[in-house]
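Spelled out, the chains give:
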Amino acid sequence: MQSPTLNDLDQLLAEGEPLTLARVSEYLATHRLATANWFGPTGRPDRSSWIKREGLGWRVWDTDERAVIMDFSVLRTDSEAEALDSFLRRARNHLQADGTAVRRGF
């Protein structure tokens, strides 16, 4: 399993094919993405994106540095492609933020 780069995610998001559960699942099986929680806690709990199936729809959300759901970030949709796209874009944004974060040891 390899660590993803922003280019890997950009390529997946720009391929032009609709995102499906199978495509995203295959991608996540080969690219460890700490900022993405795929139908449960599969990544880190803080500063990450989450996706969950709710009835016939989908729910996508972000967590902050305390692993608390950011209420304003919750997306509820009936569209699988929209939910998957939002989920991956959010994971990408968290991954990009990790690359520019300043860490200090106290």
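Note that the structure is predicted; figures quoted are calculated from it, not measured. Residue positions are counted from 1 within each chain, in the order its sequence is given. Restriction of local features to residues with pLDDT of at least 70 applies here, the model being predicted, together with a cutoff of 80 or more for giving and counting side-chain atom pairs; totals for whole chains, interfaces and linings are based on all residues. Note that water and hydrogens are dropped before the side-chain values are worked out from all heavy atoms of the structure.

K.L.:
An account of the overall build of the chain is needed here, citing residue identities and associated values.
P.N.:
Secondary structure elements are defined from DSSP: runs of H or I of at least 4 residues count as helices, runs of E of at least 2 residues count as strands, and each element is numbered from the N terminus. Within the chain, the regular secondary structure consists of 3 helices and 4 strands. In sequence order, the secondary structure elements of the chain are arranged as α-α-β-β-β-β-α. Partly exposed describes any residue whose relative accessible area lies between the buried limit of under 20% and the exposed limit of over 50%, with all areas from a 1.4 Å probe on protein chains only and scaled to the type maximum. Split into buried and exposed, the 106 residues of the chain put 41% on the buried side. Excluding contacts between residues fewer than 6 apart, the proportion of contacts in the chain whose partners are at least 24 apart in sequence is 43%. Accessibility throughout is a Shrake-Rupley quantity obtained with a 1.4 Å probe, and a residue counts as covered only by protein chains that appear here. A total of about 6400 Å² of accessible surface is found on the chain, and carbon and sulfur atoms cover 52% of it. By definition, residues are in contact when any of their heavy atoms lie within 4.5 Å.

K.L.:
Explain the environment of Asn93 to me, and be specific about the residues and the numbers.
P.N.:
Tracing the chain through its elements places Asn93 in helix H3 (residues 80-100). Separated by 44 residues in sequence, Asn93 and Ser49 place their C-alpha atoms 9.2 Å apart.

K.L.:
I'd like a description of the packing of helix H2 (residues 21-30) against H3, backed by residues and values.
P.N.:
In this analysis, axes come from line fits to C-alpha atoms, helices being fitted only over the stretch in contact, and the angle between any two N-to-C directions falls in the range 0 to 180 degrees. It is at 10 Å that the axes of H2 and H3 come closest, and there the two elements cross at 25 degrees. For the element pair H2 / H3, the angle class is roughly parallel. Each of Leu21, Val24 and Leu28 in H2 lies in contact with H3, whose residues at this interface are Glu80, Leu84, Phe87 and Leu88. Basically, the charged four are Asp, Glu, Lys and Arg, the nonpolar ten are Ala, Val, Leu, Ile, Met, Phe, Trp, Tyr, Cys and Pro, and anything else, Gly included, counts as polar. When its residues are assigned to classes, the contact of H2 with H3 shows 6 nonpolar, no polar and 1 charged. Geometric relationships in this document are graded by angle, where less than 35 degrees denotes roughly parallel, more than 145 denotes roughly antiparallel, 65 to 115 denotes roughly perpendicular, and other angles denote oblique.

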